[in-house]
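Summary of structural features
Okay, here's what each chain looks like letter by letter:
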Amino acid sequence: MKLSYQVFDLPLKHTFTIAHQSRDVQDTLIVKLEGEGFYGLGESTTNPFYGMTIENMSACLEEARPLVEGGKWTTPEELWALGKAIFEENPFAQCALDLAAWDWFAKKQGKKLYEYLRLDPKNIPLTNFTIGIDTVEKMVAKMKEVDWPIYKIKLGTDRDLEIVKELRKHTNAVFRIDANCAWTAEQAIRYSEKLARLGVEFMEQPLGKDDLEGMKEVFKHSKLPVMADESCIVESDVKKCHGLFHAINVKLVKAGGITPGLRMIHEAKSLGMKTMVGCMTESSVGITAIAHIAPLLDYVDMDGAMLLAKDPARGVVITPEKVTFPVGPGIGAELV
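A few points on the structure. Counting of residues starts from 1 at the beginning of each chain's written sequence and follows it residue by residue. With pLDDT at 70 or above as the cut-off, local features in this predicted model cover only qualifying residues; side-chain atom pairs require 80 or more to be listed or tallied, and sums for whole chains, interfaces and linings still use all residues. Remark: hydrogens and water are excluded; side-chain values derive from all non-hydrogen atoms of the structure.

Looking at the sheet that holds strand 2 (residues 21-35)
As a reminder of what qualifies: Whether two strands pair depends on DSSP finding at least two bridges between them. By the criteria applied, helices consist of DSSP H or I runs no shorter than four residues and strands consist of E runs no shorter than two, each listed in order from the N terminus. Axis definition: a line fitted to C-alpha atoms, over the contacting stretch in the case of helices. Angles run 0 to 180 degrees between N-to-C directions.
Taken in spatial order, the 3 strands of this open sheet run 1-2-3, and their pairing is antiparallel. Looking at which strands have only one partner, the edges of the open sheet turn out to be strand 1 (2-18) and strand 3 (38-45). Going across the sheet, the axis of each strand differs from the next one's by a mean of 20°, ignoring polarity. Examined bridge by bridge, strand 1 and strand 2 share 13 bridges and lie antiparallel to one another. Across the sheet, the residue bridging to Lys-2 is Glu-34, located in strand 2.

Observations regarding the nonpolar core
As a reminder of what qualifies: The definition of a nonpolar core used throughout is a set of buried Ala, Val, Leu, Ile, Met, Phe, Trp, Tyr and Cys residues joined through side-chain atoms within 4.5 Å. Under the scheme applied here, a residue whose accessible area is under 20% of the maximum for its type counts as buried, over 50% as exposed, and between as partly exposed, the area being computed with a 1.4 Å probe on protein chains only. Any pair of residues with heavy atoms lying within 4.5 Å of one another is described as a contacting pair.
In this structure, Ile-153, Trp-183, Leu-195 and Ile-258 are the most contacted members of the largest nonpolar core, which totals 110 residues. If one sorts the elements of this core by residue count, helix 3 (residues 91-109) sits on top with 12 residues. With sequence-adjacent residues up to four places away left out, Trp-183 is seen in contact with Leu-155, Gly-156, Asp-160, Ile-177, Ala-188, Tyr-191, Leu-195, Met-203, Pro-206 and Leu-207. Of all hydrophobic cores here, the second largest spans 5 residues; its members include Phe-202, Met-227, Ala-247 and Met-276.

Focus: the side chain of Thr-130
By secondary structure assignment, the location of Thr-130 is in strand 4 (residues 129-131). Residue class for Thr-130 comes out buried when judged on its relative accessible area of 6%. In this structure Thr-130 touches Phe-16, Lys-152, Lys-154, Asp-301, Asp-303 and Leu-307, once residues within four positions along its chain are discounted.

Some words on the sheet that holds strand 5 (residues 150-154)
Note: strands within a sheet are paired through backbone hydrogen bonds, in either parallel or antiparallel orientation. Taken in spatial order, the 8 strands make up an open sheet running 4-5-6-7-8-9-10-11, and their pairing is parallel. With partners counted over all chains shown, the strands left at the sheet margins are strand 4 and strand 11 (299-301), one partner each. This sheet shows a mean twist of 25° between the axes of neighbouring strands, independent of strand direction. Docked against the sheet, helix 6 (residues 160-168) engages strand 5, strand 6 (174-178) and strand 7 (200-204), running at close to 160° with respect to strand 6.

Some words on unusual backbone geometry
The backbone of Cys-181 shows a phi angle near 75°, a positive value even though the residue is not glycine. On the secondary structure map, Cys-181 appears in the loop between strand 6 and helix 7 (185-197). Judged by its relative accessible area of 22%, Cys-181 falls in the partly exposed class. The phi dihedral of Gln-205 is positive, around 40°, even though this residue is not glycine.

And the structure:
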């Protein structure tokens, strides 16, 4: 087995702003595993909020190189378990490796990943399209640029209700809102009634990730379902979110890949919670991986590659009508 990786700068079509950061370019690391006549690709983007950089992801992968190339694993789950100690503080790097392992492994089985997992692509929910924080005029323009049935609206400003009211004038699409930890419990409860009347489906992460007492009040009194994101990073967080959120958003890069992501999804379902997998503005490598497990989900946010001005890969093609997978086995994304 041979491990290699490349760094890419992903230019965005528009400046992407959320409550705690803005960016015009997203750095990403794409991992390649080659062995036995097959190869697999995986990806993880950097993220300053979580302290994840190209440098520390690369350092983790180098530390794991002897383990990866030593050949003492046969499945992605085995590799993930072997690398757990090395990647304990860097799940982003482990995600890139895990996705590559799943791509390689499914190719070796001669099956698309969703086929190996016995999932039906007809059951993939429609992704939302994300509108980052901007002037109302620019947010409206972004919606008109991409006419989509579901929009995720990033909030966390001093004019959040005004933004949603104005956007509602221009579309009948379903809205989902994501405050990225920016509100208080009182705000979230008060806003929820007005947002429900404006056609919002749910609120994602309204409070700070550690505001558990506040979330108890929001969960009890909100007029909308609430979804965890920053409060649900790793497997042990799922149980903590039960009774505080109605749903969880699993980010594969934060969790450490598909291997733990599947466990989180199944645990949440067993607790009666709804599930979503979200993206971190990955290229088509990471987005195509998400699409393969999307039949398990109630909601999906896999619009990352759609936000890019230039994609270094090709993979899944997403339209409001259908999701079209690449030809061939594995995850199937290719660098171009």
